[in-house]
Amino acid sequence: MRSVQALHPLAGLEPREEDEFQRVLAGYRRELLAREPGVRLGADPEEVHKQRVATRRLRSLLRSARPLLDDPTRAEELRDELRWLGALLGEVRDRDVLIEYLVHELATVEEAAAFGAVLELLEAERQEARKRLVDALDSPRYATLLAELERIPSLSEGADLQSVAAGDYRRLRKAARALDVDAADGELHRLRIRAKRARYAAEAAGARKRFVNRAKDLQD
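Residues numbered from 1 in each chain as written. Predicted model: local features only at pLDDT ≥ 70, side-chain atom pairs only at ≥ 80, totals over all residues. Heavy atoms only, no water.

Draft legend 1. Main features of the overall build of the protein. A count of helices and strands for the protein gives eight helices and zero strands. Counting only C-alpha atoms and orienting by the principal axes, one finds that the protein spans roughly 65 × 50 × 30 Å. Restricting to contacts in the protein with at least 6 residues of sequence separation, those with at least 24 account for 75%. Just so you have it, the protein exposes about 13,000 Å², and 52% of that area is on carbon and sulfur atoms. Across the protein, the mean location of the 41 positive side-chain charges is 6 Å away from that of the 41 negative side-chain charges. (Helix = DSSP H or I, 4+ residues; strand = E, 2+ residues; numbered from the N terminus. Contact = heavy atoms within 4.5 Å. Areas by Shrake-Rupley, 256 points an atom, 1.4 Å probe, with all protein chains shown as cover. Lys, Arg positive; Asp, Glu negative; His and termini not counted. Charge placed at Lys NZ, Arg CZ, Asp CG, Glu CD.)

Shown next, in the form of C-alpha cells:
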C-alpha cells in the first residue's frame, strides 16, 4: 500500500495558516500522541480506549467535511490510514471489554472455574493483539501517518465547522425519516453511525450540550 506521504506532492512545503477545522483535528492528534505511552505500557485499558476515540474522531470529521475540503482525495487517504490504526486499537479494546465483563459476571456465578479457559483464551488473544498494535506504533507507516496529520487538508474558502456540522445533521434527519417501524437491525446500526458522526461534528463546532446529549440518546 502506498503511504499517504507519497500521495502528497507538496508534503515538503510549509502549510498555510490553520483554519478552525485543522485546529480541531490537531487537538485530536495531540490526544492520540498523549495516549501513546499508556497504550504501549498496557497497564490501563482506558488509554487504548481514549486513543481509539481520538482516532475515530479524526476519521469521522475528515468524512463529515469531505464535500467542503480543498483536497478531499488526500483526506480519504488519511481516513484509510486512521482506519488501519483504529482496527488495531479495536482488537485490543474489544478484548479488554470482554475480559472486564466476564470478570464482573464471574463474581456472581457459583461455578466460576468453568469460565477459566475462556478467560485464558481472551487474555492470550489480547496479548497477541497488543503485540500487533505496539509493532504498528513502531512502524514507519505510523510515523508517516503522524507526519501527515500535521498537514491536514483545509476547508474550502467560505466553509466553516458550522457548515460541516449542519451537513451531517441534514443527512442524519434524511436517513431517520427514511426508516419505518419495521427497520432492520442493519438500518438502525447505520443510523447510529450517522448519529455519532453528527455528534462529533456538532461537538467540534461548539454545539449546545442539549443537541449533543440528544445525539447520545439516539445512539443508545
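Draft legend 2. Fine view of the nonpolar core. Formed by 36 residues in total, the largest nonpolar core has its most connected members in Phe 21, Leu 62, Leu 85 and Leu 133. If you list the elements that add at least two residues to this core, you get helix H1 (20–41), helix H2 (45–64), helix H3 (72–106), helix H4 (116–137), helix H5 (140–148), helix H6 (161–177) and helix H7 (185–204). Sorting elements by how many residues they give to this core places H3 first, with eight residues. Setting aside residues no more than four positions away along its own chain, Phe 21 makes contact with Leu 61, Leu 62, Ala 65, Leu 69, Ile 152, Pro 153, Leu 155 and Leu 161. (Core = buried A, V, L, I, M, F, W, Y, C linked by side-chain atoms within 4.5 Å. Buried < 20%, exposed > 50% of the residue type's maximum accessible area, 1.4 Å probe, protein only.)

Draft legend 3. Geometry of the packing of H2 against H3. The geometry of H2 relative to H3 is characterised by a closest axis approach of 9 Å and an angle of 155 degrees between their N-to-C directions. Taken together, the axes of H2 and H3 lie roughly antiparallel to each other. Handedness of the H2/H3 crossing: left-handed. Partitioning the contact of H2 with H3 into residue classes produces ten nonpolar, five polar and nine charged. (Axes fitted to C-alpha atoms, helices over the stretch in contact; angles between N-to-C directions. Parallel < 35°, antiparallel > 145°, perpendicular 65-115°, else oblique. Left-handed = near helix turned anticlockwise from the far one by under 90°. Nonpolar A, V, L, I, M, F, W, Y, C, P; charged D, E, K, R; others polar.)

Draft legend 4. Broad picture of the packing of H1 against H4. Between H1 and H4, the least distance of the axes is 10 Å, while the angle of their chain directions is 140 degrees. By the criterion of interaxial angle, the relationship of H1 to H4 is oblique. Considering how the two elements wind past one another, H1 and H4 form a crossing that is left-handed. Contacts between H1 and H4 involve Glu 36, Val 39, Arg 40 and Leu 41 from the first element and Arg 130, Leu 133, Val 134 and Leu 137 from the second. Tallied by class, the residues present in the contact of H1 with H4 amount to five nonpolar, no polar and three charged.

Draft legend 5. Inspection of the pattern of salt bridges at higher detail. Scanning the model with the defined rule gives 21 salt bridges in all. Two residues, Glu 123 and Arg 126, come together in a salt bridge whose shortest N-O distance is 2.4 Å. Of this pair, Glu 123 and Arg 126 are both found in helix H4, three residues apart, which corresponds to roughly one turn of the helix. Take Arg 126: its relative accessible area is 18%, and that puts it in the buried class. Between Arg 171 and Asp 168 there is a salt bridge whose closest N-O contact spans 3.3 Å. Of this pair, Arg 171 and Asp 168 are both found in helix H6, three residues apart, which corresponds to roughly one turn of the helix. Residue classification places Asp 168 among the buried residues on the basis of a relative accessible area of 4%. Connected via shared salt-bridge partners are Glu 31, Arg 35 and Glu 47. (Salt bridge = Lys/Arg side-chain N within 4 Å of Asp/Glu carboxyl O.)

Draft legend 6. The arrangement of H4 in detail. Taking 1.5 Å per residue as the helical rise, H4 with its 22 residues ought to reach 32 Å, and the 31 Å between its terminal C-alpha atoms agrees with that figure. The elements touched by buried residues of H4 are H1, H3 and H5. (Expected span 1.5 Å × (residues − 1).)

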